[in-house]
Amino acid sequence: MADVITTSRADPGIAVVTVNSPPVNALTAQGWFDLADAVTAAGRDPECHVVVLRAEGRGFNAGVDIKEIQNDAGYAALIGANRGCAAAFAAVYECAVPVVAAVHGFCLGGGIGLVGNADVIVAADDATFGLPEVDRGALGAATHLARLVPQHMMRTLYYTASTVDAHQLHHHGSVHRVVPRGQLDDAAMELARTIGEKDTRVIRAAKEAINGIDPQPVHRSYRFEQGFTFELNLSGVSDSARQEFLDHGADDHRGQ
């Protein structure tokens, strides 16, 4: 099924961008670009005061569509995925208005890039977060995981491909609120309304100002990480790792 990115106006001033790409919201290269376009367009709308980024299905996001990369005899799909992810992460970070991420189920790989660049995260109590990249022969999004947990915890999670739950991230202050799964959308909308009621001229200026004082050049550091992913692909390491993953049931273990 094709990637589906829908945008709706739930309340005045609130744009809701929804990812719906069964079975696990692992996006193709085009899907990442579509997501970037949807978030950017929402922020450019002068009537929009805040964006809620959410997903349907089993989990928030499972990263890139590994099958698309593995089925490509060359490197076009990999380059597309790299550039698409970079575009989507940048769109969230640079969105002219605050982005509230509403996370349920698994948030893996590229999902970390999305939430790591969001302004606020609200999570369901079943949400888990992690980077399985090392098991897929790839690297990336350590830049964004480092925005969610302390440095040594980020390294441990990265090297072990382990996950943390929403309560742990709430403890570290990176998740604003943890709620039961059935209350996630309401909690995200409640927060979005609070932000949306502010003078959008001030909030838009605040978003730009906060990005301007960010100590981490997120775009440059993420692209630096991607260079090592390409190197691993050129050496053949990634290809064998992805195939092993696909041979052992990719849909059950999510994406990259």
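Just above, that's the structure.
This report concerns the structure included in the present document. The model shown is predicted, which means the values in this text are computed figures rather than measured ones.

Observations regarding the overall build of the protein
Alright, step 1. What the protein contains, in helices and strands, is twelve helices and nine strands.
Alright, step 2. Computed over the C-alpha atoms, the radius of gyration of the protein is 17 Å, within 12% of the 18 Å expected from 2.2 N^0.38 for a compact globule of 256 residues.
Alright, step 3. Each principal axis of the C-alpha atoms in the protein carries an extent, and together these give about 50 × 35 × 35 Å.
Alright, step 4. Residues classed as buried in the protein amount to 53% of the 256 residues present.

Describing the packing of helix H1 (residues 29-44) against helix H3 (residues 76-94)
Two numbers describe a pair of packed helices, the interaxial angle and the distance between the axes.
Alright, step 1. Axis separation between H1 and H3 bottoms out at 8 Å; the angle between their running directions is 20 degrees. The angle between the axes of H1 and H3 places the two elements in the roughly parallel class. When the axes of H1 and H3 are compared, the crossing they make is left-handed. For the pair H1 and H3, the contacting residues are Ala29, Trp32, Phe33, Leu35, Ala36, Val39 and Thr40 in the first and Gly80, Ala81, Arg83, Gly84, Cys85, Ala87, Ala88, Phe89, Ala91 and Val92 in the second.

Focus: the pattern of salt bridges
Alright, step 1. Enumeration over the complete set of coordinates arrives at nine salt bridges.
Alright, step 2. Between Arg54 and Asp185 there is a salt bridge, with the nearest N and O atoms lying 3.0 Å from each other. With a gap of 131 residues between them, Arg54 in strand E3 (residues 50-55) and Asp185 in helix H9 (residues 184-196) connect regions that are remote in the sequence.
Alright, step 3. On the basis of relative accessibility, which here comes to 36%, the residue Asp185 falls in the partly exposed class.
Alright, step 4. When the shortest N-O distance is used, the salt bridge between Asp199 and Arg201 registers 2.7 Å.
Alright, step 5. Bridged by salt links that share partners, the residues Arg54, Glu56 and Asp185 form one connected network.

Topic: helix H11 (residues 218-234)
Alright, step 1. Compared with the 24 Å implied by 1.5 Å per residue over 17 residues, the 25 Å span of H11 between its first and last C-alpha is a close match.
Alright, step 2. Listed as buried for H11 are Val218, Ser221, Tyr222, Glu225, Gln226, Thr229 and Asn233. Angular distribution of buried residues about the axis of H11 spans 145 degrees; they occupy a single face of the element. More than 90 degrees from the buried face of H11, the exposed residues found are Arg220, Phe224, Glu231 and Leu234.
Alright, step 3. Backbone geometry just after H11 places Gly236 at a positive phi near 90 degrees.

As for the packing of aromatic side chains
Alright, step 1. Scanning the model with the defined rule gives four aromatic pairs in all.
Alright, step 2. Between the aromatic rings of Trp32 and Phe89, the centroid separation amounts to 5.9 Å while the plane-to-plane angle is 85 degrees, which identifies the pairing as edge-to-face. Taken together, the residues Trp32 in helix H1 and Phe89 in helix H3 connect sequence positions 57 residues apart.
Alright, step 3. Overall, the relative accessible area of 0% leaves Trp32 in the buried class.
Alright, step 4. Members of the aromatic cluster, joined through ring pairs, are Trp32, Phe89 and Tyr222.

Thoughts on the sheet that holds strand E1 (residues 5-11)
Alright, step 1. Across the sheet, which stays open at both edges, the six strands sit in the order E1-E2-E3-E4-E6-E9 with mixed pairing between neighbours. In this open sheet, the two strands that pair with only one neighbour each are E1 and strand E9 (177-179). For this sheet, the mean angle separating the axes of adjacent strands, direction not counted, is 20 degrees.
Alright, step 2. In this structure, strand E4 (residues 99-103) lies alongside strand E6 (residues 120-124), joined through four bridges in parallel fashion. From the neighbouring strand, Val103 faces E6, where its bridge partner is Ala123.

How each quantity is defined
Residues numbered from 1 in each chain as written. Predicted model: local features only at pLDDT ≥ 70, side-chain atom pairs only at ≥ 80, totals over all residues. Heavy atoms only, no water. Helix = DSSP H or I, 4+ residues; strand = E, 2+ residues; numbered from the N terminus. Rg over C-alpha atoms; globule rule 2.2 N^0.38 Å. Buried < 20%, exposed > 50% of the residue type's maximum accessible area, 1.4 Å probe, protein only. Axes fitted to C-alpha atoms, helices over the stretch in contact; angles between N-to-C directions. Parallel < 35°, antiparallel > 145°, perpendicular 65-115°, else oblique. Left-handed = near helix turned anticlockwise from the far one by under 90°. Contact = heavy atoms within 4.5 Å. Salt bridge = Lys/Arg side-chain N within 4 Å of Asp/Glu carboxyl O. Expected span 1.5 Å × (residues − 1). Arc of directions from axis to C-beta. Phe/Tyr/Trp six-rings, centres within 6.5 Å; stacked < 30°, edge-to-face > 60°. Pairing = 2+ DSSP bridges.

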